[in-house]
Amino acid sequence: MEIIDQFLKNENQKKPLSDREIADQLGINREKVTEYRKKHGIPNSRKRLYSRIKTDAFGLMKATPNLSHRELMRQLNENGYQISRQIALSLKNEFLAPKASTEANLENQSQKVESNVFSKLIGYDRSLKIQINQAQAAILYPPKGMHTLLYGESGVGKSQLAESMYAYSLKTENFDSDSPFVAFNCADYADNPQLLLSQLFGYVKGAFTGASQEKDGMIAAADGGILFLDEVHRLPSEGQEILFTILDKNTYRKLGETHSERKVNIMIIAATTENLESSLLKTFRRRIPMVIELPPLQKRTLRERYQLIRQFFKEESTKINKDIDVEKSTIKMLMTYDCPGNIGQLRSDIQVACARALLTSMINKKSQIHVQPSDVANHVKIGILDKNLHDTKLLKYTSQSFHFTLNEDTPSAAVETGNRYEISDWIYRFIEERSSTLESNGLTAQEINAVLSRELEQRFEDLSTTPNTPSITKTELKNLVGAKIASLLDTCQSVAQSYFPDLENSFYFTLGIHISAAYERLVQGKEIYNPHLKKVKTEYRDEFKVAKILGEIIQKELDIILPEDEIGFIAMYLKTFSTQSARTLSRVSVVILTHGKVGKSIAEVVNKLLSTDHAIGIEMSLTESPQIALEKTIKKIREIENGKGIALLVDMGSLVIFGDLITKELGIPVRVVNRVDTLMALEAVRRAILTESNLDEVVEGLADAKVPALSMKKSISRNNLPKAIVSICMTGEGAAKKIENFVNEVVKRLNHSISVFSIGMISMAGIDFEIQKIAKNFDILAFVGTINPEYETIPYISIESLYNNDGLTKLEGILKQVQNETVLSDILDDRLIQFDCMYHDKNEAIEDMVSQLEALGYVDRNFLLSVYRRESITPTFFKGNIAMPHGLPAHVNHPVIAIARLKRDILWDGKNKVDMIFLIAYKNNSKKYFKNFYRILLNQSVIKAIKSAENPASMKDLILENCEPNQ
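Residues numbered from 1 in each chain as written. Predicted model: local features only at pLDDT ≥ 70, side-chain atom pairs only at ≥ 80, totals over all residues. Heavy atoms only, no water.

Q: Is there a simple way to explain the overall build of the protein in this structure?
A: Per the secondary structure count, the protein includes 41 helices and 25 strands. The contacts in the protein between residues at least 6 apart in sequence include a share of 73% that link residues at least 24 apart. As displayed, the protein has an accessible area near 46,500 Å², and 49% of this comes from carbon and sulfur atoms. (Helix = DSSP H or I, 4+ residues; strand = E, 2+ residues; numbered from the N terminus. Contact = heavy atoms within 4.5 Å. Areas by Shrake-Rupley, 256 points an atom, 1.4 Å probe, with all protein chains shown as cover.)

Q: I'm lost on the sheet that holds strand E18 (residues 755-760) in this one. Help?
A: Backbone hydrogen bonds hold the strands of a sheet together, and the pairing may be parallel or antiparallel. Spatially, the 4 strands line up as an open sheet ordered E18-E17-E19-E20, and their pairing is parallel. Each edge of the open sheet carries a strand with a single partner, namely E18 and strand E20 (796-798). Strand-to-strand, the axes of this sheet are offset by a mean angle of 25°, without reference to chain direction. For strand E17 (residues 723-729) and strand E19 (residues 779-785), the ladder comprises 6 bridges, and the chain directions are parallel. Following the sheet pairing, Val726 is matched in E19 by Phe783. (Pairing = 2+ DSSP bridges. Axes fitted to C-alpha atoms, helices over the stretch in contact; angles between N-to-C directions.)

Q: It is not clear to me how the sheet that holds strand E25 (residues 913-921) should be interpreted in this structure. Could you clarify?
A: Read from one edge to the other, the open sheet built from 5 strands follows the order E21-E24-E25-E23-E22, with strand pairing classed as mixed. Only two strands of the sheet have a single partner each, and these edge strands are strand E21 (828-837) and strand E22 (877-878). In terms of strand pairing, E21 meets strand E24 (residues 896-907) through 4 bridges, oriented parallel. Across the sheet, residue Leu828 finds its bridge partner in E24, namely Ile897. Each of E21, E24 and E25 is contacted by helix H37 (residues 842-855), which is oriented at about 155° to E24, the strand it contacts most.

Q: Is there a simple way to think about the pairing of strand E14 (residues 615-620) in this case?
A: Look at any regular strand and the pattern is simple: side chains alternate between the two faces of the sheet. For E14, a buried count of 6 out of 6 residues is recorded, marking the element as mostly surrounded by other parts of the structure. Here E14 shows two buried faces, one formed by Ala615, Gly617 and Glu619 and the other by Ile616, Ile618 and Met620. Of the pairings in the sheet, the one linking strand E13 (residues 589-595) to E14 comprises 6 bridges and is parallel in character. Paired with Val591 across the two strands is Ile616, which belongs to E14. (Buried < 20%, exposed > 50% of the residue type's maximum accessible area, 1.4 Å probe, protein only.)

Q: What exactly am I supposed to notice about the side chain of Ser589 here?
A: Tracing the backbone shows Ser589 in strand E13. When residues no more than four places from it in sequence are discounted, the contact partners of Ser589 are His614, Ile640, Glu641, Asn642, Gly645, Ile646 and Ala647.

Q: Sorry, what's going on with the pattern of salt bridges here?
A: Under the definition given, this model contains 22 salt bridges. Between Glu316 and Lys319 there is a salt bridge, with the nearest N and O atoms lying 3.5 Å from each other. Residue Glu316 and its partner Lys319 are both found in helix H15 (residues 302-320); the two are separated by 3 residues, about one turn of the helix. Taking relative accessible area as the criterion, Glu316 reaches 0% and is therefore assigned buried. We classify Lys319 as partly exposed; its relative accessible area is 31%. Here Asp829 ties to Arg831 by a salt bridge, and the two come within 2.7 Å at their closest N and O atoms. Its relative accessible area of 2% is what places Asp829 among the buried residues. In this structure Arg831 comes out as buried when scored by relative accessible area, which is 18%. Among the charged side chains, a salt-bridge network with shared partners connects Glu214, Asp216, Lys254, Glu257 and Arg262. (Salt bridge = Lys/Arg side-chain N within 4 Å of Asp/Glu carboxyl O.)

Q: Can you help me understand helix H2 (residues 19-26) in this one?
A: Since the α-helix packs 3.6 residues into each turn, any two residues three or four apart lie on the same face. Every buried residue belonging to H2 is among Asp19, Ile22 and Ala23, and all of these are buried. All buried residues of H2 lie within an arc of 100° about the axis, which places them on one face of the element. Residues of H2 that are exposed and point more than 90 degrees away from the buried face comprise Asp24 and Gln25. After H2 finishes, the residue Gly27 shows a positive phi value of roughly 70°. (Arc of directions from axis to C-beta.)

Q: Is there a simple way to explain the packing of H15 against helix H17 (residues 342-363) in this structure?
A: A pair of packed helices is characterised by two quantities: the angle between their axes and the separation of those axes. Closest axis-to-axis distance for the H15/H17 pair is 10 Å, and the angle between their directions is 45°. The orientation of H15 with respect to H17, classified from their angle, is oblique. When you trace H15 past H17, the crossing you get is right-handed. Packed against H15, whose contacting residues are Leu308, Ile309, Phe312, Phe313, Glu315, Glu316, Lys319 and Ile320, the element H17 presents Ile343, Leu346, Arg347, Ile350, Gln351, Cys354 and Leu358 at the interface. In terms of residue class, the contact of H15 with H17 is built from 10 nonpolar, 1 polar and 4 charged. (Parallel < 35°, antiparallel > 145°, perpendicular 65-115°, else oblique. Left-handed = near helix turned anticlockwise from the far one by under 90°. Nonpolar A, V, L, I, M, F, W, Y, C, P; charged D, E, K, R; others polar.)

Q: For this particular structure, what's the right way to read the pairing of strand E5 (residues 226-230)?
A: Where burial is concerned, most of E5 is hidden: 5 out of the 5 residues are buried. Burial of the side chains of E5 extends over both faces: Ile226, Phe228 and Asp230 are buried on one face and Leu227 and Leu229 on the other. With 5 bridges connecting them, strand E2 (residues 181-185) and E5 associate as parallel partners. What sits directly across from Ala183, in E5, is Phe228. In the sheet, E5 pairs with strand E8 (residues 267-272) via 4 bridges, with the strands oriented parallel. Each residue of the ladder has a partner; that of Leu227, found in E8, is Ile268.

Q: Hey, could you run me through unusual backbone geometry in this one?
A: Leaving glycine out, the prevailing phi sign among residues is negative, and the prevailing peptide bond configuration is trans. Note the cis peptide between Pro142 and Pro143, where omega equals 0°. Within the secondary structure, Pro143 is located in the loop between helix H8 (129-140) and strand E1 (148-151). The backbone of Asn250 sits at a positive phi, close to 60°, despite the residue not being glycine. In this structure, Asn250 sits in the loop between helix H12 (237-249) and strand E6 (251-252).

Q: Please explain the packing of H8 against helix H9 (residues 158-169) as it appears in this structure.
A: Viewed as axis vectors pointing N to C, H8 and H9 meet at an angle of 45°, and their least axial separation amounts to 10 Å. With respect to H9, the axis of H8 lies oblique. As for how H8 packs across H9, the hand of that crossing is right-handed. Counted together, Ala135, Gln136, Ala138, Ile139 and Leu140 of H8 and Leu161, Met165, Tyr168 and Ser169 of H9 form the full contact between these two elements.

Q: What is the right way to read the packing of aromatic side chains from this model?
A: We describe a pair of aromatic rings using the distance from one ring centre to the other and the angle between the two ring planes. Summed over the entire model, instances satisfying the criterion amount to 5 aromatic pairs. For the pair Tyr166 and Phe181, a centre-to-centre distance of 5.0 Å together with 35° between the ring planes defines the contact as tilted. Taken together, the positions of Tyr166 in helix H9 and Phe181 in strand E2 put the pair 15 residues apart, joining distant regions of the chain. Under the relative-accessibility criterion, Tyr166 is labelled buried at 19%. Ring geometry for Tyr306 versus Tyr397: centroids 5.0 Å apart, planes at 40°, classification tilted. A residue pair is termed long-range when its members are at least 10 positions apart, and Tyr306 in helix H15 and Tyr397 in helix H19 (residues 392-398) qualify at 91 residues. With respect to class, Tyr306 is no different from Tyr397; both count as buried. Linked through ring pairs, Tyr166, Phe181 and Phe228 together constitute an aromatic cluster. Lying across the ring of Phe244, Arg287 places its NZ or CZ 4.0 Å from the centre. Over the ring of Phe835 we find Arg901, and its NZ or CZ is 3.8 Å from the ring centre. (Phe/Tyr/Trp six-rings, centres within 6.5 Å; stacked < 30°, edge-to-face > 60°. Lys NZ or Arg CZ within 6 Å of the ring centre and 35° of its normal.)

Q: Just checking my understanding: could you explain the environment of Ser179 for this structure?
A: With respect to the helices and strands, the residue Ser179 is situated in the loop between H9 and E2. For Ser179 and Ala222, which are 43 residues apart along the polypeptide, the C-alpha to C-alpha distance reads 8.1 Å. Apart from the residues lying within four places of it in its own chain, the contact partners of Ser179 are Tyr166, Leu170, Gly224 and Gly225. A distance of 2.9 Å separates a polar side-chain atom of Ser179 from the backbone nitrogen of Asp176. (Polar contact = N/O pair within 3.5 Å; in protein donor to acceptor, adjacent residues only side chain to side chain.)

Taken by themselves, the reported measurements are silent on function.
Next up, the structure:
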């Protein structure tokens, strides 16, 4: 192999070629190049490059001994290399320590580079430490790595770990620097095993109908590198069995091959979300020795979740090309809510929040992107209500707002690539382009917001329910379904487009695969059943007529008889891929929703009188829950609404509040009319069918026509009964209960005497009835929740605003108006009442308690020093084995008392021991609080009771019970 030797001698030493590149240029097998190089002791391309870099680097440093590593990096890169600052630093250290072994330094550098591959993953040194050690061991196992199975829930980061393993492999002797990485998602082809196997293994000519020429598969493409099989549980049994020969002997056969075997040299990394025992063949599992299980998000540390959130906001900042401000209450929501889709869903929820914030900034013509609690999805808000939001560990990460900038460096997040939660930057392009179009069409900011919100919600829903399907060409489809079906597809598409000119190209491919499957089913004598046939025949009449014509073509070409159910499927495809309906003129939709059968009867009469089908009647039986009625209404409105909103005519009860619920759910503007009869419906439809009318004109026109419309504000008289707050949620009593628990936490901090009740908006008895029941026994101070019940005498606080100062300030102001309020409660924070603390000495106690005050924003960082200075003057020991340390008011942001009951005594002033500490943070104008508190401490019986309290809540109650009102 003198030709290889000659080639290596003449290569560009600053850009040495890999074994694959040499083999390609010489037209020989790469293994021959590798074998020759190792036999003659020739280093690989990476080591040859490093040797050349070192020679030049040492020459530069000999000429300029004081050359900094940054300048060294710059000069080397100017000479044609591409090195990092770390490599330059390593070279400089090696130059300054000439006795060190060159090989040891090289190995050390290699390890640094390899380590850096994984250190970019968030949690590499904590939650993922064991998994990364396993991954490294798998890659380093000779001769070509150890086959590995990654296991974990959807969204935990299996794909990202596989890619990191590949990056790591390129730095090792087991793989070349140009070894390939081929990812294959078995789920993309799971419904068609033949296509899956042909894509994976390749096929020979004649292997199946349409296989007119030989084709390589993914395994051939991955030769010499790593094949990543995502969702491997979707690989059929025969596919798993075919892999046995690769796992055992590094050989395989293409589809259609019976005798010859092909050599392949690959490492397989497979990933699955399913139970290993039930989803994979035992014989397949035994052949993959390394199994790495990745933890779900709930088992990751708070620090890592915080880093993930920062990383995802950084990514969105880059996509939008703008800085992003995120409120601390938004951070708190994202840090605590249940996230079943793990890291992938966390990223998706952050993208949705950023998209909504971007939309708001564009509509309001603001350059700054500001992500508020109202921008996050409802499931995020509701999902945190039963969490401990005052955990001191959590407060460490959520005590302030953050500004995410374009140039901020953060680690990489381990997330699934291509998983169902992933949203690319199309969302921002869509918002910008669509907003600009709507604005140019003369829509107001409010109208643009309504339209875009609705369209975004639908797209987000589509992303979470529609699987990614492979994009194939007509030639590839022909290879799959055969020439006969492919030829009739052209005819079918031509005929269909003559009726539906805007038919999308996707119709061709979808129909082709569907006909192929239907043909096989009919040939095998299996039944075809379409559960939607009745609806298709009545609601898709035009599409059904054209489907019959296409059916005749298919029957003639394939010599089969298509049942009517199959014609229905073809009609559904025509409906799905035709945009003809989008060209119809937009009108305000009229929906009549009543108890009993009145609604449909009124709609039929109105439609007959006006020769239209514009009125839609929906009935609610007297025994049917409002939740079911709401779901039916939302489903129907989703089908019929075409751009101008809904006039919803209802008869009574809880149906009145459906308008807000539907708008929240669909983003569609809805106006409710709290009365319905035939005359009103006739007038509403007569106005709505005029294309020039808008929603407000239709509803307000009913009032002009002396037909009274909703909505009048309701009221409740205030009284001197016990006080209460009512929590309300649009999704039902369960979620309302979560809001109640959350509000209870807030109320306890502000006023312990207020009752909190929860009502689900879909309560069987109706919202107004439930509120009136509570009002008989309580004076309702406020409503808190996700929707406003609209009582003009009672304020409403949204759940979003509770997470920021606006809502809390409003609630605090309401509570402070309650008669006989105990002001001392203002300086008692549940988060700062601790039981059974283990402190070794006085300093440890002070530092820990002050750090909690600082984390919650009560004091600044100089407060601790002022406490120590005060203690150095006179130790703050108090009768009853109590200590009351305090600092200067200048360093206090808000007055508060932190309380710690000790598990064992500590020495306070050299002779006196304490078992309870009250750390005081006061301002100059807060004497009214502490005067009352000192009075309590003088009462030894009260002190004894406080020390014996069973829990922090009872201790707080004892303190408040013994203080004087209004002091």
